[in-house]
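# Descriptive structure summary
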Amino acid sequence: MFLKYSLLLAAAVVWSAGCSDDDGFDSTARCRGRLDIGGAASASVVTRAETNLADVCRGLKLPAKEELRLTLTGADIAELESGETGPVEVGRFDYAQQWDNLTRYGEEMPDLFPGTYTAVLEYGDPAAIGPDAPYYLGENTAVVKIGKKTACSVRVGIRNSVVRVEATDQFKNYFYEPDFTLWVGEGEDKQEAGKFTLTDADRPIFVPAGSTVSVTGSVRRPSQTSDGAGEELLIEVPARTTVAGTLHTFRFTAQAGGAGLEVVFMEPEAGGSDDVELNDDAVSDKTADESAE
């Protein structure tokens, strides 16, 4: 069997990262400004193969603007009052507010004291597990100025992990009755995440970033007699840890003649969870043989 990890930065970004001044408005006298926040998500995947995650995850949810949750924070913001010679600082505070969706924020658009703010957009649950559980996340900072409406665009992408189980034609043509289970966690926290039978009905499973995942299952070899069932082979793939924004692929293959099973693990290059996606040519591999006579 083949185990291959393919590092993917899921959901490419469609908005500029910068923030800029926009139209002024009547808030100068109150020493405040506004932040016009926009964001969107795309299923396009930035890879050398130009993979689209929607092609891998059938029915992938792409959240609309009105579905993105917003958290807006600002540290050590100066509270100002208008004085005879200009704004006067009367105190300092940390700003933190949340909106159920970006549309509601746009309708309210609060007046803000000048300073640096961070806008975080989210969709989904980062702890969810399942084929319909993508978690989108993005953030950006912007500087609010007195009497100005500052435009801030947020880059939103999938930040949990995706796991799929596949097999080569050689494997599927030799072995039969495949039955695989994806597990998340270890010990008492281990739970079943999904089933795979190597058919078109299989769907990749979203799991929390940093999860420990493993695969167990069984297949049968062709029978050596005309009236008997083939030998059942039990398969267990060692646990691996998932990476945010990454598609992990467990791929099984048969050796020549179906005499054994081979496991190959594609090790991602060193780096952070926000690295640009690499394809198979950009990673090194580790091979471990598991014979099954």
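For the structure itself, look to the data block above.
So, here is what we can say about the structure in this document. (Residues numbered from 1 in each chain as written. Predicted model: local features only at pLDDT ≥ 70, side-chain atom pairs only at ≥ 80, totals over all residues. Heavy atoms only, no water.)

## Comments concerning the overall build of the protein chain
Note the threshold: Counting from the N terminus, the helices are the DSSP runs of H or I reaching at least four residues and the strands are the DSSP runs of E reaching at least two. With residues, only the protein chains shown are counted as cover, and all accessible areas are computed by Shrake-Rupley using a 1.4 Å probe.
Tallying secondary structure elements over the protein chain gives three helices and 17 strands in all. Working note: accessible area of the protein chain is about 14,600 Å², and carbon and sulfur atoms make up 45% of it.

## Describing the pattern of salt bridges
Opposite charge on two side chains lets them pair, provided their charged atoms get close. Going by this rule: Here, a salt bridge means any Lys or Arg side-chain nitrogen found within 4 Å of an Asp or Glu carboxyl oxygen. For every residue, the accessible area obtained with a 1.4 Å probe (protein chains only) is divided by the maximum for its type, and the residue is called buried under 20%, exposed over 50%, and partly exposed between those limits.
Under the definition given, this model contains twelve salt bridges. Note that R220 and E177 form a salt bridge whose closest N and O atoms lie 3.1 Å from each other. Here R220, found in strand 13 (residues 212–220), pairs with E177, found in strand 10 (residues 176–184); they are 43 residues apart in sequence, far enough to count as distant. Overall, R220 belongs to the partly exposed group, its relative accessible area being 22%. E231 serves as the salt-bridge partner of R221, at 3.2 Å between the closest nitrogen and oxygen.

## So, the pairing of strand 8 (residues 148–158)
Filter applied, for reference: Pairs of strands are assigned from DSSP output, requiring at least two bridges between the strands.
Alignment of strand 7 (residues 136–144) against strand 8, held across two bridges, turns out to be antiparallel. Across the sheet, residue Y136 finds its bridge partner in strand 8, namely I158. In this structure, the hairpin formed by strand 7 and strand 8 is closed by a connection of three residues, where G147 is found at a positive phi of approximately 75°.

## A word on the nonpolar core
Heads up, the rule is: Residues enter a nonpolar core if they are buried and are Ala, Val, Leu, Ile, Met, Phe, Trp, Tyr or Cys, with the set joined through side-chain atoms within 4.5 Å. Contact criterion: two residues are considered in contact whenever any of their non-hydrogen atoms come within 4.5 Å of each other.
Counting residues in each nonpolar core, the largest one holds 36 residues, and the members touching the most others are L35, I37, L70, L72, Y105 and Y117. Where this core is concerned, the elements lending two or more residues are strand 3 (34–41), helix 1 (53–56), strand 4 (69–83), strand 5 (86–99), helix 2 (102–108), strand 6 (115–123), strand 7 and strand 8. Among the elements that take part in this core, strand 4 stands out by supplying five residues, more than any other. Not counting chain neighbours up to four residues away, the residues in contact with Y105 comprise L35, I37, L70, L72, W99 and P110.

## Digging into unusual backbone geometry
Not every positive phi belongs to a glycine, and C31 is a case in point at roughly 60°. Here C31 is to be found in the loop between strand 2 (19–24) and strand 3. Given the relative accessible area of 2%, C31 is considered buried. A positive phi is found at E177, a non-glycine position, where the angle reads about 55°.

## Quick word on the sheet that holds strand 11 (residues 191–196)
Where we set the bar: With axes taken as lines fitted to C-alpha atoms, and helix axes fitted only over the stretch in contact, angles between N-to-C directions fall between 0 and 180 degrees.
With antiparallel pairing, the four strands of this open sheet are ordered in space as 11-10-13-14. This sheet does not close on itself; its edge strands, each paired only once, are strand 11 and strand 14 (232–241). Each strand axis lies, on average, 20° off the axis of its neighbour in the sheet, ignoring direction. In this structure, strand 10 lies alongside strand 11, joined through five bridges in antiparallel fashion. Residue pairing in the sheet places F180 in a bridge with F196 of strand 11.

## Comments concerning the packing of aromatic side chains
Rules: The rule is short: rings of Phe, Tyr and Trp, with Trp giving its six-membered ring, pair when the centres are within 6.5 Å, and they are stacked under 30 degrees, edge-to-face over 60, tilted in between.
Inspection of every chain in the model, using the stated rule, returns eight aromatic pairs. Between F171 and F252, the aromatic rings sit 5.9 Å apart at their centres with planes inclined by 40°, giving tilted as the arrangement. Of this pair, F171 sits in helix 3 (residues 169–174) while F252 is found in strand 15 (residues 246–252), placing the two residues 81 residues apart along the sequence. This pair shows no difference in class: F171 is buried, exactly as F252 is. With 4.6 Å between their ring centres and 20° between their planes, F180 and F252 make a pair best called stacked.

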